[in-house]
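Coordinates in review
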Amino acid sequence: MSQSNPFKKKLSEQHLKIINSVESAVKTTGMSVYLVGGTVRDILLNRSPLDLDFLIEGSSDTQYFANLIGGTILQESQFGTFKIDFEGEIVDFAFSRQESYPTPGQLPIVEKGTFRQDLHRRDFTMNSIAIAVGEDGEFSTLIDPFDGENDIREKKIKILHDKSFQDDPTRILRLFRYSGRLGFTVEDSTKNILIRDLHMLDILSPDRLRNELQLILNEDTAHLSLKEYVNYDQKMYLFDGAKINVANLIKMDDEKVKSSKFSEKLKFAILALSTPIELLDGCISKFNFQSDWLDIIDSVFELQNVRKNLIEPGIRNSDLFALLNKINENVLKACLIIDGFSDVKDVILIYLNDLENLSIQLSGKDLIQLGVPEGPNIGKILNELHVAKLNGIIFSLDDEKDFVRKIFNKN
Ligand code: ATP
Ligand code: MG
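Residues numbered from 1 in each chain as written. Chains lettered and ligands numbered in written order. Predicted model: local features only at pLDDT ≥ 70, side-chain atom pairs only at ≥ 80, totals over all residues. Heavy atoms only, no water.

A few points about the domain arrangement of the chain
Along its sequence, the chain is carved into domain 1 (1-154), domain 2 (155-239), domain 3 (258-352) and domain 4 (364-410). One C-alpha centre belongs to domain 1, the other to domain 2, and the line joining them spans 24 Å. Contacts between domain 1 and domain 2 engage 24 residues on the former and 23 residues on the latter. Where domain 1 abuts domain 2, roughly 1,900 Å² becomes buried across the two surfaces, and 57% of that area is made up of carbon and sulfur atoms. When the buried area of domain 1 at its contact with domain 2 is split by residue, Tyr101, Asp123 and Phe124 rank highest and sum to 29% of it. Taken together, the links from domain 1 to domain 2 amount to one salt bridge. Counting across the interface, domain 1 meets domain 2 through 14 residue pairs in polar contact (both at pLDDT 80 or more). If you list the elements that add at least two residues to the side of domain 1 that touches domain 2, you get α4 (115-120) and α5 (148-153). Here the side of domain 1 that touches domain 2 gets three residues from one element, more than from any other, and that element is α5. (Domains from an automatic or database assignment. Contact = heavy atoms within 4.5 Å. Buried area = accessible area lost by both parts, 1.4 Å probe. Salt bridge = Lys/Arg side-chain N within 4 Å of Asp/Glu carboxyl O. Polar contact = N/O pair within 3.5 Å; in protein donor to acceptor, adjacent residues only side chain to side chain. Helix = DSSP H or I, 4+ residues; strand = E, 2+ residues; numbered from the N terminus.)

Below you can see the structure in the form of structure tokens.
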């Protein structure tokens, strides 16, 4: 690899080492290797690429390739893409391929292809650029058939052909993800085609829709992507026509969200709370939400159910605990961040700060040692202790023991 290489500056030592190893491993094999996609885009943007995307021409044998470079295959797809653990770094590889889309919105038919054909099947001009790394000195050669470098310079997102979104409507959501992340605008002709084809979001499978939504929520700039989407899509195809409260989406940028350990879940809770509740049910099947994500939506319904009870005057802490303990914590935290929940903010704060983690010190075993006979009574007494502690009737371990003795003597 030439030393005066302009692209090398943005690559870490580790990435350069991997590129060099790959380059020398394939040298005599007749294969060609290119850096491609996000890696090249980020280098041209003067950003350090987060990961390496390699495109390989001249083979389709993943195991042979992995052995050649001395890495371990971690994951392989039916589309000729695979991830290799290479000296502790996970690197994306793909054999060059071509695609056709006999049915719009369905997964493509994938065949072996040249690396140039592979550049033609990509989403945007900025991602359809390659750098050859196969031979010494060639590392600085850009292969840029769609003038993506220019679009990167002009900060434009541009599709390669006018059927692009019809072939694969996930590109619509990829476009909004990139526009948020990179601060790029949509190129004029792409804009018209985007507006024309927004309805194609309706034909995507729930799993593909959910995956793209989650990728957006994983970004620090999810609020910008979603805001841009809402700006474009008057019909709100993504959310079954629901009018999303945009002012709330912006709150995804709140410090409390950014510093949260589960920030994508908190952002999802903000989104769910910003969706008219009558349309939220339809979203469950539209996106096939599961596990934690489903729990967040169910919690939005639950909050709606208990909202009146939460603000009853003189409500006891133990009742507050019983009502809020069923609700996903991300939903509660989201209520504190967005507008429209001022009626319940105070009780949520009491719950999160003072009640949620308030536990008793005595265990079932301790109760038996104190003389309580084994049986269902143990659970009942533990519960009464917890209620008493929540309501500020008992505080210390001694209080707990006295409380047990009192109940026990009563029985
Ligand atoms: P990131 O920085 O998020 O990883 P990326 O551009 O590397 O961005 P990936 O999702 O990792 O994006 O995909 C790698 C490359 O594969 C993209 O740059 C693009 O060229 C191509 N690609 C990914 N998804 C599609 C798609 N739906 N249609 C066409 N090309 C795609
Ligand atoms: Mg990538």
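Observations regarding unusual backbone geometry
Within the chain, Asn46 stands out as a residue other than glycine whose phi angle is a positive 65 degrees. Mapped onto the secondary structure, Asn46 falls in the loop between α2 (38-44) and β2 (53-57). One non-glycine residue, Met236, adopts positive backbone phi at about 50 degrees. As for its placement among the helices and strands, Met236 is situated in the loop between α10 (222-232) and α11 (246-250).

What to know about the packing of aromatic side chains
Summed over the entire model, instances satisfying the criterion amount to 16 aromatic pairs. Ring plane angle 70 degrees and centroid distance 5.0 Å describe the contact between Phe268 and Trp293, whose orientation is recorded as edge-to-face. Linking Phe268 in helix α13 (residues 263-273) with Trp293 in helix α15 (residues 291-310), this pair joins segments that are 25 residues apart in sequence. Among the aromatic residues, ring-to-ring pairing joins Phe176, Tyr229, Tyr232, Phe239, Phe268, Phe287, Phe289 and Trp293 into one connected group. The positively charged end of Arg177 is found above the aromatic ring belonging to Tyr178, 5.7 Å away from the centroid. (Phe/Tyr/Trp six-rings, centres within 6.5 Å; stacked < 30°, edge-to-face > 60°. Lys NZ or Arg CZ within 6 Å of the ring centre and 35° of its normal.)

Some remarks on the pairing of strand β1 (residues 32-36)
Of all five residues in β1, four are buried; the element is thus mostly enclosed. With four bridges joining them, β1 and β2 adopt antiparallel strand pairing. Bridge pairing in β2 places Leu35 opposite Phe54. Inspection of the sheet shows β1 paired to strand β8 (residues 130-132) by three bridges, in the antiparallel sense. (Buried < 20%, exposed > 50% of the residue type's maximum accessible area, 1.4 Å probe, protein only. Pairing = 2+ DSSP bridges.)

Considerations on the site of ligand 1
Near ligand 1 you find 15 residues, and of these Arg41, Asp168, Arg171, Tyr178 and Arg181 are the closest. A distance of 3.3 Å is found between an oxygen atom of ligand 1 and a backbone nitrogen or oxygen belonging to Asn127. Contact between ligand 1 and Asp168: a nitrogen atom at 2.8 Å from a side-chain N or O atom of the residue. Computed on the free molecule, ligand 1 has an accessible area of 580 Å², of which 78% lies beneath the protein chains in the complex. Every element with two or more residues in the shell around ligand 1 is listed here: α2 and α7 (170-182). Here the element with the most residues in the shell around ligand 1 is α7; it accounts for six residues. Tallied by class, residues from the shell around ligand 1 come to one nonpolar, four polar and 10 charged. Taken domain by domain, the shell around ligand 1 gets at least three of its residues from each of domain 1 (1-154) and domain 2 (155-239). (Near = heavy atom within 4 Å. Areas by Shrake-Rupley, 256 points an atom, 1.4 Å probe, with all protein chains shown as cover. Nonpolar A, V, L, I, M, F, W, Y, C, P; charged D, E, K, R; others polar.)

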